[in-house]
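Notes for the structure review
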Amino acid sequence: MGESKPLFQTPFVNRRFQTMKILYGIQATGNGHITRARAIGKEFSRVGANVDYLFSGRSRGKFFDMDIFNDWKCYSGLTFWHHEGRISPLRTFRNNRLMRFWRDIHDLDLSDYDLVVTDFEPITAWAAKLAGKTSIGVGHQYAFNSYIPMQGDNWGSRLIMRRFAPVNIPLGLHWHHFDQNILPPIADTPPFQPLDAVAQESRKIIVYLGFESQARVIELLQPFEDYKFYYYGDFPDAKDLGHIQLRPLSRDGFQRDLNSSAGVICNAGFELASEALQLGKKLLVKPLYGQMEQLSNAFALEQLQLGMTMKQLCGDRIRAWLDSWESKQIIYPNVAKAIVQWILEGDWSDSSELVKALWPQVRSPQIANFAALSPN
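Since this is a predicted model, take the numbers as computed values, not measurements. (Residues numbered from 1 in each chain as written. Predicted model: local features only at pLDDT ≥ 70, side-chain atom pairs only at ≥ 80, totals over all residues. Heavy atoms only, no water.)

1. Notes on the confidence of the model for the protein chain
The line we're drawing: pLDDT is a residue-level measure of predictor confidence that goes from 0 to 100. Contacts: residue pairs with any heavy atoms within 4.5 Å of one another.
In this model, the protein chain carries an average pLDDT of 86, and 84% of its residues clear a pLDDT of 70 or more. In this model residues 1-15 is a low-confidence stretch, pLDDT under 50, and it forms 26 contacts with partners more than four residues away in sequence or in other chains.

2. Description of the side chain of His176
For the record, the criterion: Secondary structure follows DSSP: runs of H or I at least 4 residues long count as helices, runs of E at least 2 residues long count as strands, and numbering of each begins at the N terminus. Polar contacts, as counted here, are pairs of nitrogen or oxygen atoms within 3.5 Å of one another; within protein the pair requires one atom able to donate a hydrogen and one able to accept it, and residues that are adjacent in sequence qualify only if both atoms are side-chain atoms.
Along the polypeptide, His176 turns up in the loop between strand S8 (169-172) and strand S9 (204-208). Polar contacts involving the side chain of His176 include one to the main-chain amide nitrogen of Phe178, which spans 3.0 Å.

3. A short note on the pattern of salt bridges
Rule in force here: Every case where a carboxyl oxygen of Asp or Glu lies within 4 Å of a side-chain nitrogen of Lys or Arg is listed as a salt bridge. For every residue, the accessible area (1.4 Å probe, protein chains only) is compared with the maximum for its type, and the residue is labelled buried under 20%, exposed over 50%, or partly exposed between those bounds.
Evaluated as defined, the whole model comprises 15 salt bridges. Between Asp119 and Arg36 there is a salt bridge, with its nearest N and O atoms 2.8 Å apart. Residue Asp119 is found in strand S6 (residues 115-119), and its partner Arg36 is found in helix H1 (residues 31-46); the two are separated by 83 residues along the sequence. Classification of Arg36 by relative accessible area gives buried; the value is 3%. Residues joined by salt bridges that share partners form a network here, namely Lys42, Asp188, Arg251 and Glu275.

4. With respect to helix H4 (residues 122-131)
Counting buried residues along H4, 7 of its 10 residues qualify, which places the element largely inside the surrounding structure. For H4, the side-chain oxygen to backbone nitrogen distance between the N-cap and Ile123 is 3.0 Å, and the N-cap itself is Glu121. Positioned one or two residues after H4, Gly132 has a phi angle of 70°, which is positive.

5. A short note on the nonpolar core
The line we're drawing: Put simply, buried Ala, Val, Leu, Ile, Met, Phe, Trp, Tyr and Cys residues joined by side-chain atoms within 4.5 Å make one nonpolar core.
Grouped together as the largest cluster of nonpolar side chains are 78 residues, with contacts concentrated most on Phe44, Phe55, Trp175, Ile339 and Ile343. In terms of residue count, the dominant contributor to this core is helix H11 (residues 335-345) (8 residues). With residues up to four places along the chain from it excluded, the contact list for Ile339 reads Val138, Leu171, Leu173, Leu183, Ile186 and Leu354.

6. Structural notes on the environment of Lys328
When you line up the elements, Lys328 lands in the loop between helix H10 (315-324) and H11. Sequence separation of Lys328 and Gly307 is 21 residues, and the distance between their C-alpha atoms is 7.9 Å. Of note is the side chain of Lys328, whose polar atom sits 2.6 Å from the backbone oxygen of Gln305.

7. A few points about the packing of helix H7 (residues 251-260) against helix H8 (residues 271-279)
Quick note on the threshold: Axes here mean lines fitted to C-alpha atoms, for a helix over just the part in contact, with angles spanning 0 to 180 degrees between N-to-C directions. Just so you know how the angles are binned, under 35 degrees is roughly parallel, over 145 roughly antiparallel, 65 to 115 roughly perpendicular, and the rest oblique. What makes a crossing left-handed is the near helix being turned counterclockwise from the far one by less than a right angle; a clockwise turn instead makes it right-handed. Only Asp, Glu, Lys and Arg are considered charged, only Ala, Val, Leu, Ile, Met, Phe, Trp, Tyr, Cys and Pro nonpolar, and every remaining residue, Gly among them, polar.
Between H7 and H8, the least distance of the axes is 11 Å, while the angle of their chain directions is 40°. Comparing the axis directions of H7 and H8 gives the class oblique. You can see that H7 and H8 cross each other, and the crossing is right-handed. Of H8, the residues touching H7 (which contributes Arg251, Phe254, Gln255, Leu258 and Asn259) are Leu272, Glu275 and Leu279. A per-class count over the contact of H7 with H8 returns 4 nonpolar, 2 polar and 2 charged.

8. Some thoughts on the sheet that holds strand S13 (residues 263-267)
Convention followed: Should DSSP find at least two bridges between two strands, the strands are taken to pair.
In space, the 7 strands of this open sheet follow the order S11-S12-S10-S9-S13-S14-S15, with mixed pairing throughout. Of all strands in the sheet, those with a lone pairing partner are strand S11 (239-241) and strand S15 (308-309), marking the two edges. Bridge count between S13 and strand S14 (residues 282-286): 5 bridges; the pairing is parallel. In the sheet register, Val264 faces S14, and the bridge partner there is Leu283. Against the sheet, H7 touches S9, strand S10 (228-233) and S13, its axis set at about 140° to S9.

So this is what it looks like as structure tokens:
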């Protein structure tokens, strides 16, 4: 592809961003969307952009570490309910307040905004569609509009991906471009250091299995006394269970433990896996049963040979991963910064130059073909 030039090294040509007002909607069912929003929010803040934030998918009391979003709004929105590692269609139908959701879409006043950005958040996406406002979708789910590895897909899952939070301009994210017009992940980790410079504890493992039964996970980890597990979840306080350390959700605490760990056991969400790959942590994922996105993520990780998977919580699978799997590392560029600057430039007609500029900046000793394959 030839030598690539860094994006946006010259001053902004379009100074309209100084008066542009943006509404940024974030689907908050999982923490990955919020993690991406933090990274993008930091870049918006750095250049003084005028951005309001709207979150939906969980109650306000379930959020944490939200200072960067200032006076953010919270709506009930739509979410998928789960029980012990499986999607529960009946609970999903019963607990989503569809009439309230419809009213929120129609009542959301977008008259003061020049642009709507959404990370698969449906209220802002549909309100923009009805109001005729330009909308940009930034997130992993928008990659599913392209030809990428998929598993467990059907007409229902395809309909959800296309209609849950529709946008004019999708910016999909994935671990590989698969020769498609999609972007690298937004991996919001501490500044990169070579693996041999990190104080990594070879037997320290991070566990984040938010869709699974906590009692079942603790029981599963009990036999592996030769490792130390830091299990992050919806716990009221930190608790010492010997080689299993329970930790309440905390962005800063999680990042510190993740940085010094050797590996991660988690569900097959996109954002944590991206962070683990960038930090060079070995990865074992268990997809949420019945959820096409997570099943496809696990399938893609296997195809790229970036992680190991287990269809259900399985002690034998964990032992095989602990004993034999070697970590892989991929260093992604500052995708959040590039996206923000691309948005503020104001020319949203074509994202292909953004895509082509970012992939050659990806570095990985184990995967040599990022730059060799030219995304369309």
